[in-house]
Protein chains: 2
Amino acid sequence: MIKIGELSKVTGCSVQTIRHYEKEQLIASAERSEGNFRLYDEAAVEQLLFIKHCRSLDLSLPEIRQLLALNRSPGAQCDDVNRMMDRHIEQVEARIQELTKLNEQLRKLRRSCSNRRTVKQCGILRNLSATPVSSG
Amino acid sequence: MIKIGELSKVTGCSVQTIRHYEKEQLIASAERSEGNFRLYDEAAVEQLLFIKHCRSLDLSLPEIRQLLALNRSPGAQCDDVNRMMDRHIEQVEARIQELTKLNEQLRKLRRSCSNRRTVKQCGILRNLSATPVSSG
DNA sequence: ATTGACTCTATAGTTATTATAGAGTTTATA
DNA sequence: TATAAACTCTATAATAACTATAGAGTCAAT
């Protein structure tokens, strides 16, 4: 059994984050030592790595909670998992589109001013003052 | 002179957001009517639209504050504006890269499970449990 | 016995809003 | 003129997923 600092090192999650996950019920309340320190086993390490992997894919904590619940009932159909992934992929792609559009606008704006002009002549500020381009 | 609700309609910013911008010093404290209602003129409308345009470009409130300050000293060099834009563009492009990578991983993961399998056989959950792919 | 490293809980801060409660003001209607 | 509806005011809490802090307790080594 390891303490929370060790778990933090092994998994790369900060100590506060681990405590946060416990409070948010993503991991079970840990056993405690006599001195009230949290104690973890290998299963805890793996569950935390699972969560970390999900987070690296930008899944939200509620989404992860849902996956963990499904994981616990291995007989269930996994349609729900698929639906969640599909929705998540859609969101990510929508965000990429938004940012790509945004990037074009920013570059265009940036081209409107070369260095060493005064603010008065600055195309960026002038253009920002004009009516916004329609965009989310 | 118009009241905050009218300003909200004209600019498309919510009433609370306008009050928030005042608290955050993005717009000056509004004049008040006898009954203590905020009163705005045309200049306020334009400044709010400026802010809204900046927000649509994902500039942060502190960044916008900086732009507004520069706007007020029209003799200053606008190098600072350019630096800010360059940094911002970099950030947006980095985020696009991240998301693109993420999207590839999600699609790959999604392909590992077709519908109507049980959770036990679900490739998504299996793969999520494996050691994470290195990624921010 | 004491130092240092670790852990505990509880609370506040981060960002840019949105939402709420409870009170006061103004406008329109009966 | 009374009253209701619509609006505004301030202050506070919630959102997401942490991060940081304070103040106290625990444990291992000296």
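Calculation criteria
Residues numbered from 1 in each chain as written. Chains lettered and ligands numbered in written order. Predicted model: local features only at pLDDT ≥ 70, side-chain atom pairs only at ≥ 80, totals over all residues. Heavy atoms only, no water. Near = heavy atom within 4 Å. Polar contact = N/O pair within 3.5 Å; in protein donor to acceptor, adjacent residues only side chain to side chain. Helix = DSSP H or I, 4+ residues; strand = E, 2+ residues; numbered from the N terminus. Nonpolar A, V, L, I, M, F, W, Y, C, P; charged D, E, K, R; others polar. pLDDT = per-residue confidence, 0-100. Contact = heavy atoms within 4.5 Å. Buried < 20%, exposed > 50% of the residue type's maximum accessible area, 1.4 Å probe, protein only. Least-squares fit on C-alpha atoms with pLDDT ≥ 70 in both. Core = buried A, V, L, I, M, F, W, Y, C linked by side-chain atoms within 4.5 Å. Salt bridge = Lys/Arg side-chain N within 4 Å of Asp/Glu carboxyl O. Buried area = accessible area lost by both parts, 1.4 Å probe.

1. A short note on the protein's contact with DNA strand C
Inference 1: Taken together, 20 residues sit near DNA strand C, with G5(A), R19(A), H20(B), Y21(B) and R55(B) positioned nearest.
Inference 2: Considering DNA strand C, the proportion of its atoms within 4 Å of the protein that are sugar or phosphate atoms stands at 83%.
Inference 3: Within the backbone of L61(B), an N or O atom sits 3.2 Å from a phosphate oxygen of DNA strand C.
Inference 4: When contributions to the surface near DNA strand C are tallied by element, the ones reaching two or more residues are α1 (4-11) and α2 (15-23) of chain A together with α2 (15-23) and α4 (61-72) of chain B.
Inference 5: Ranked by the residues each element gives to the surface near DNA strand C, the list is headed by α2(B), at four residues.
Inference 6: Partitioned by chemical class, the residues of the surface near DNA strand C number six nonpolar, eight polar and six charged.

2. Quick notes on the confidence of the model for chain A
All names here are of chain A.
Inference 1: Of all residues in chain A, 95% attain a pLDDT of 70 or more, and the chain-wide mean is 86.
Inference 2: Across chain A, element-level confidence peaks in strand β2 (residues 38-39) with a mean pLDDT of 98 and bottoms out in helix α6 (residues 123-129) with 78.
Inference 3: Per-residue pLDDT stays below 50 along residues 132-136; that stretch engages in seven contacts with residues further than four places along the chain or on separate chains.
Inference 4: As scored by the predictor, the complex reaches a pTM of 0.79 and an ipTM of 0.76.

3. Some remarks on the side chain of N103(A)
Inference 1: By secondary structure assignment, the location of N103(A) is in helix α5 (residues 79-111).
Inference 2: Relative accessible area serves as the criterion here: at 11%, N103(A) is assigned to the buried category.
Inference 3: With near-sequence residues (within four places) excluded, N103(A) lies in contact with I89(B), V92(B), E93(B) and I96(B).

4. Re the relation of the copies chain B and chain A
Inference 1: With an RMSD of 0.1 Å, chain B superimposes on chain A once it is rotated by 180° and translated 0.0 Å along the axis. Such a turn and shift between the copies fits a two-fold axis. No C-alpha of chain B approaches the rotation axis more nearly than that of I96(B), which lies at 2.9 Å.
Inference 2: Interface overlap between copies is the fraction of interface residues in one copy that are interface residues in the other; for chain B against chain A it reaches 100%, indicating a shared surface.

5. Some details on the nonpolar core
Inference 1: Ranked by size, the top nonpolar core spans 78 residues in total, and within it L67(A), V81(A), I51(B), L67(B) and V81(B) carry the most contacts.
Inference 2: Excluding anything up to four places from it in sequence, L67(B) contacts L125(A), L128(A), F50(B), C54(B), L59(B), V81(B) and M84(B).

6. A short note on the pattern of salt bridges
Inference 1: Taken as a whole and judged by the stated rule, the model has 14 salt bridges over all chains.
Inference 2: R95(A) is the partner of E98(A) in a salt bridge, and the nearest nitrogen-oxygen pair spans 2.6 Å. With a gap of three residues between them, E98(A) and R95(A) both fall in helix α5, about one helical turn apart.
Inference 3: Put simply, D86(B) and R110(A) hold a salt bridge, and the shortest N to O gap is 2.6 Å. A residue pair is termed interchain when its members come from two chains, as with D86(B) in helix α5 (residues 79-111) and R110(A) in helix α5.
Inference 4: Here D86(B) falls in the partly exposed class, since its relative accessible area comes to 31%.
Inference 5: Connected through shared salt-bridge partners, E22(A), R32(A) and R38(A) make up one network.

7. What about the interface of chain B and chain A?
Inference 1: The interface is formed by 54 residues belonging to chain B together with 54 residues belonging to chain A.
Inference 2: Together chain B and chain A conceal approximately 4,900 Å² of surface at their shared face, both sides included; 66% is due to carbon and sulfur atoms.
Inference 3: One can count six salt bridges joining chain B with chain A.
Inference 4: Ionic pairing is found between D58(A) and R95(B), a salt bridge with its closest N-O pair at 3.2 Å.
Inference 5: Here chain B and chain A share 10 residue pairs in polar contact (both at pLDDT 80 or more) between them.
Inference 6: If you list the elements that add at least two residues to the side of chain B that touches chain A, you get α3 (42-56), α4, α5 and α6 (123-129) of chain B.
Inference 7: Among the elements that line the side of chain B that touches chain A, the one with the most residues is α5(B), at 20 residues.
Inference 8: Looking at side-chain class alone, the side of chain B that touches chain A contains 27 nonpolar, 17 polar and 10 charged residues.

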